[in-house]
Amino acid sequence: MLYGKFYNSPIGKILIVCDESSLIGLWFDNQKYYKNDINEEIIFKNNEIINEVSLFLDNYFKGCSKQVINFKLNPKGTNFQKKVWNILLDTNYGEIKTYKEICEVYKKRNNVDNMSYRAIGSAISKNPISIIIPCHRVIGKNNKLVGYAGGVDRKKYLLDLERKYK
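Calculation notes
- Residues numbered from 1 in each chain as written.
- Predicted model: local features only at pLDDT ≥ 70, side-chain atom pairs only at ≥ 80, totals over all residues.
- Heavy atoms only, no water.
- Phe/Tyr/Trp six-rings, centres within 6.5 Å; stacked < 30°, edge-to-face > 60°.
- Helix = DSSP H or I, 4+ residues; strand = E, 2+ residues; numbered from the N terminus.
- Buried < 20%, exposed > 50% of the residue type's maximum accessible area, 1.4 Å probe, protein only.
- Pairing = 2+ DSSP bridges.
- Contact = heavy atoms within 4.5 Å.
- Axes fitted to C-alpha atoms, helices over the stretch in contact; angles between N-to-C directions.
- Salt bridge = Lys/Arg side-chain N within 4 Å of Asp/Glu carboxyl O.
- Expected span 1.5 Å × (residues − 1).
- Arc of directions from axis to C-beta.
- Polar contact = N/O pair within 3.5 Å; in protein donor to acceptor, adjacent residues only side chain to side chain.

Participant: In this structure, what is going on with the packing of aromatic side chains? I would like to understand it.
Facilitator: The description of an aromatic ring pair uses the distance of the two centres, along with the angle that the planes make with each other. Under the counting rule described, the total for this entry stands at seven aromatic pairs. Both rings, one in Phe 56 and one in Phe 71, keep their centres 6.0 Å apart while their planes meet at 85 degrees; by these two values the pair is edge-to-face. Taken together, the positions of Phe 56 in helix α1 (residues 48-61) and Phe 71 in the loop between α1 and β5 (72-73) put the pair 15 residues apart, joining distant regions of the chain. By relative accessible area, which is 10% here, Phe 56 ends up buried. For Phe 71, a relative accessible area of 9% corresponds to the buried category. Taken together, the ring pairs in this structure connect Tyr 7, Tyr 60, Phe 61 and Tyr 93 into an aromatic cluster.

Participant: Teacher, can you tell me more about the sheet that holds β5 here?
Facilitator: Sheets are built from strands that pair by backbone hydrogen bonding, the pairs being arranged parallel or antiparallel. With mixed pairing, five strands are arranged side by side in an open sheet as β4-β1-β2-β3-β5. Of all the strands in the sheet, just β4 (42-43) and β5 have a single pairing partner and so form its edges. The pairing of strand β1 (residues 2-9) with strand β2 (residues 12-18) spans seven bridges and is antiparallel. Directly across from Tyr 3, in β2, lies its bridge partner Cys 18. Strands β1, β2 and β3 (22-28) of the sheet are contacted by α1, whose axis makes an angle of about 20 degrees with β1.

Participant: Even after reading the chapter, I still don't get the pairing of β3, so can you show me in this structure?
Facilitator: Both faces of the sheet carry side chains from a regular strand, because those side chains alternate between them. Where burial is concerned, most of β3 is hidden: seven out of the seven residues are buried. Here β2 pairs with β3 via five bridges, running antiparallel. Bridge pairing in β3 links Ile 14 to Phe 28. Counting the residues that bridge the hairpin from β2 to β3 gives three residues. Relative to β5, β3 runs parallel, the two sharing two bridges. Residue Leu 23 lies in a different strand from β5, and its bridge partner there is Leu 73.

Participant: It is not clear to me how the pattern of salt bridges should be interpreted in this structure. Could you clarify?
Facilitator: Pairs can form between side chains of opposite charge whenever their charged atoms are close. Enumeration according to the criterion identifies six salt bridges in this entry. Here Arg 109 makes a salt bridge to Asp 90, at a shortest N to O gap of 2.2 Å. In this pair, Arg 109 is assigned in helix α3 (residues 99-110) and Asp 90 in the loop between α2 (79-88) and β6 (97-98), connecting sequence segments 19 residues apart.

Participant: Just to check I follow, could you spell out α1 for this structure?
Facilitator: Between its first and last C-alpha atoms α1 spans 20 Å; for 14 residues at 1.5 Å apiece the expected length is 20 Å, and the two agree. Among the residues of α1, those classed as buried are Ile 49, Ile 50, Val 53, Ser 54, Phe 56, Leu 57, Tyr 60 and Phe 61. Along the axis of α1, the buried residues cluster in a sector spanning 160 degrees; they form a single face. Away from the buried face of α1 by more than 90 degrees, exposed residues Glu 48 and Leu 55 are located. Tucked inside the fold, the buried residues of α1 contact β1, β2, β3 and α5 (152-165). By the N-cap criterion, in which a side-chain oxygen at the helix start approaches the backbone nitrogen of a residue two or three places on, α1 is capped by Asn 47, the distance to Ile 49 being 3.1 Å.

Participant: What is the right way to read the pairing of β2 from this model?
Facilitator: The element β2 is largely enclosed, with a buried count of five among its seven residues. Counting the residues between successive antiparallel strands, the hairpin from β1 to β2 contains two residues.

Now the structure itself:
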């Protein structure tokens, strides 16, 4: 059974989706890949996970940089995508990385010689748990803001917020 809630953020409505034990998705309204492959009915009712995620988001948008994720993440994706998303979790509040840097970490962790930046970028773009799995902290070369499924304006807002409270 899936539970959901619409969270009103300073940059638009966010859909929170979870099951009994973990967060499955966090998408901005009109985001690319909205609800990914979720075909189950979502019951709009709070549970413990939704309450914890809502509190996390409240604190995030207030500029609290030292939060701990007190809930389990269970993003739906391929093994490759999950490995890339795990790398994103190591990117600290207020820190930015390039697609190239994420690619280099992926190659090292997975003992591979070749990996396409585009493949890394594609996996990042399909991240189903925005903000918490911080894909907004990945930028293009020369510090260019590119490729955010929630929109580049939102990406800029999130990065500016984090710089302000870092």
